[in-house]
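Tertiary structure, described
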Amino acid sequence: MRAWTVWAAMAVAGIVASSAVAQSAGGVAKDTVEVTLPAGNPFPPGPGSDLANAHCLICHSAGMVTRQPPLTFDEWKAEVTKMRAVYGAPLPPENIEEIARYLATINGRP
Ligand code: HEC
């Protein structure tokens with residue numbers, strides 16, 4: 001009888017201790033941290049650069065695009081289509097051609 005009482009007291013103490021841990025973990029979760037990300041460089045200005053800024057900087061820098069070897073309009077179209085279909089860029093299909101035209105202007109070849 002006595003052993004049972006001691007065991008029960010320890011179990012209760014255990015429960016109390018673990019709920020205290022849960023409470024302090026909850027307190028930590030409420031802390032907020034401010035993070036300032038470095039401002040990325042936008043695409044060079046020109047017709048279509050707004051679309052590129054809005055849709056191509058979500059996952060990588062403009063340099064990832066402008067440092068590539070120059071491509072034809074059709075190749076840029078395929079590249080933008082790949083960003084959409086393979087990597088999941090949330091880009092309306094009706095904007096593909098305009099962005100490809102812009103990219104062929106800033107980094108194109110005949
Ligand atoms: C949803 C994320 C995402 C978005 C949005 C996105 N890309 Fe990408 N892009 C990627 C990934 C992932 C890679 C491959 C990175 C690597 O290989 O390290 C990549 C690579 C590239 C490359 C390098 C060549 C290649 O095929 O790997 C080019 C050029 C490029 N993206 C252009 C664009 C353009 C233009 C847009 C806007 C229309 C765009 N991306 C939007 C994810 C994205």
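Check the entry above for the structure.
So, here's what we can say about the structure. (Residues numbered from 1 in each chain as written. Predicted model: local features only at pLDDT ≥ 70, side-chain atom pairs only at ≥ 80, totals over all residues. Heavy atoms only, no water.)

Considering the site of the ligand
Our working rule: We call a residue near a molecule or strand whenever a single non-hydrogen atom of that residue lies within 4 Å of it. Side-chain atoms alone can form a polar contact between residues adjacent in sequence; in general such a contact is a pair of N or O atoms within 3.5 Å, and within protein one must be able to donate a hydrogen while the other accepts it. The numbering of helices and of strands both runs from the N terminus, where a helix is a DSSP run of H or I of at least 4 residues and a strand a run of E of at least 2. Gly falls in the polar group here, along with every residue not listed as nonpolar (Ala, Val, Leu, Ile, Met, Phe, Trp, Tyr, Cys, Pro) or charged (Asp, Glu, Lys, Arg).
Taken together, 16 residues lie around the ligand, and Cys56, Cys59, His60, Glu79 and Met83 are the ones closest in. A distance of 2.8 Å separates a nitrogen atom of the ligand from a polar side-chain atom of His60. Within the contact set of the ligand, an oxygen atom lies 2.5 Å away from a side-chain nitrogen or oxygen of Lys82. Of all elements in the fold, only helix 2 (49–56), helix 3 (63–66) and helix 4 (73–85) reach the threshold of two or more residues within the shell around the ligand. When residues of the shell around the ligand are assigned to their parent elements, the largest contribution, five residues, is made by helix 4. In the shell around the ligand, the residues fall into 10 nonpolar, four polar and two charged.

Description of the pattern of salt bridges
Quick reminder of the rule: Here, a salt bridge means any Lys or Arg side-chain nitrogen found within 4 Å of an Asp or Glu carboxyl oxygen. Here's how the labels work: a residue is buried when its accessible area is under 20% of the maximum for its type, exposed when over 50%, partly exposed in between, all with a 1.4 Å probe on protein chains only.
Applying the stated criterion across every chain yields a total of four salt bridges. Of the charged contacts, one joins Lys77 and Glu97 as a salt bridge, the two residues approaching to 3.1 Å between their closest N and O atoms. With Lys77 in helix 4 and Glu97 in helix 5 (residues 96–106), this residue pair connects regions lying 20 residues apart in the sequence. Under the relative-accessibility criterion, Glu97 is labelled partly exposed at 37%.

Considerations on the environment of Ser49
Short version of the rule: Throughout, a residue-residue contact means that at least one pair of heavy atoms, one from each residue, lies within 4.5 Å.
Looking at where Ser49 falls in the secondary structure, it is placed in helix 2. Residue Ser49 is classed as buried on the basis of its relative accessible area of 6%. Between the C-alpha atoms of Ser49 and Ile106, which are 57 residues apart in sequence, the distance is 9.6 Å. In this structure Ser49 touches Pro44 and Tyr102, once residues within four positions along its chain are discounted. In this structure the side chain of Ser49 is engaged in a polar contact, spanning 2.8 Å, whose partner is the backbone oxygen of Gly46.

Focus on the nonpolar core
To keep things clear, this is the line we draw: Working definition of a nonpolar core: buried Ala, Val, Leu, Ile, Met, Phe, Trp, Tyr and Cys residues. They are joined through side-chain atoms within 4.5 Å.
Counting 14 residues, the largest nonpolar core has Phe43, Val80, Ile99 and Leu103 as its most contacted members. Secondary structure elements with two or more residues in this core: helix 2, helix 4 and helix 5. Top contributing element to this core by residue count: helix 5, with five residues. Sequence-distant contacts of Val80, defined by excluding residues within four places in its chain, comprise Leu91, Ile96, Ile99 and Leu103.

Some points on the packing of helix 4 against helix 5
So the rule is basically this: Every axis in this analysis is a line fitted to C-alpha atoms, fitted for helices over the stretch in contact. Angles between the N-to-C directions lie between 0 and 180 degrees. Oblique is the label for any angle not covered by the other classes, which are roughly parallel (under 35 degrees), roughly antiparallel (over 145) and roughly perpendicular (65 to 115). Crossing handedness follows the turn of the near helix against the far one: under a right angle anticlockwise gives a left-handed crossing, and clockwise gives a right-handed one.
Viewed as axis vectors pointing N to C, helix 4 and helix 5 meet at an angle of 130°, and their least axial separation amounts to 8 Å. Between helix 4 and helix 5, the angle falls in the class oblique. As for how helix 4 packs across helix 5, the hand of that crossing is right-handed. For the pair formed by helix 4 and helix 5, the contact residues are Phe73, Trp76, Lys77, Val80, Thr81 and Arg84 on the first element and Ile96, Glu97, Ile99, Ala100, Arg101, Leu103 and Ala104 on the second. Here the residues of the contact of helix 4 with helix 5 sort into eight nonpolar, one polar and four charged.

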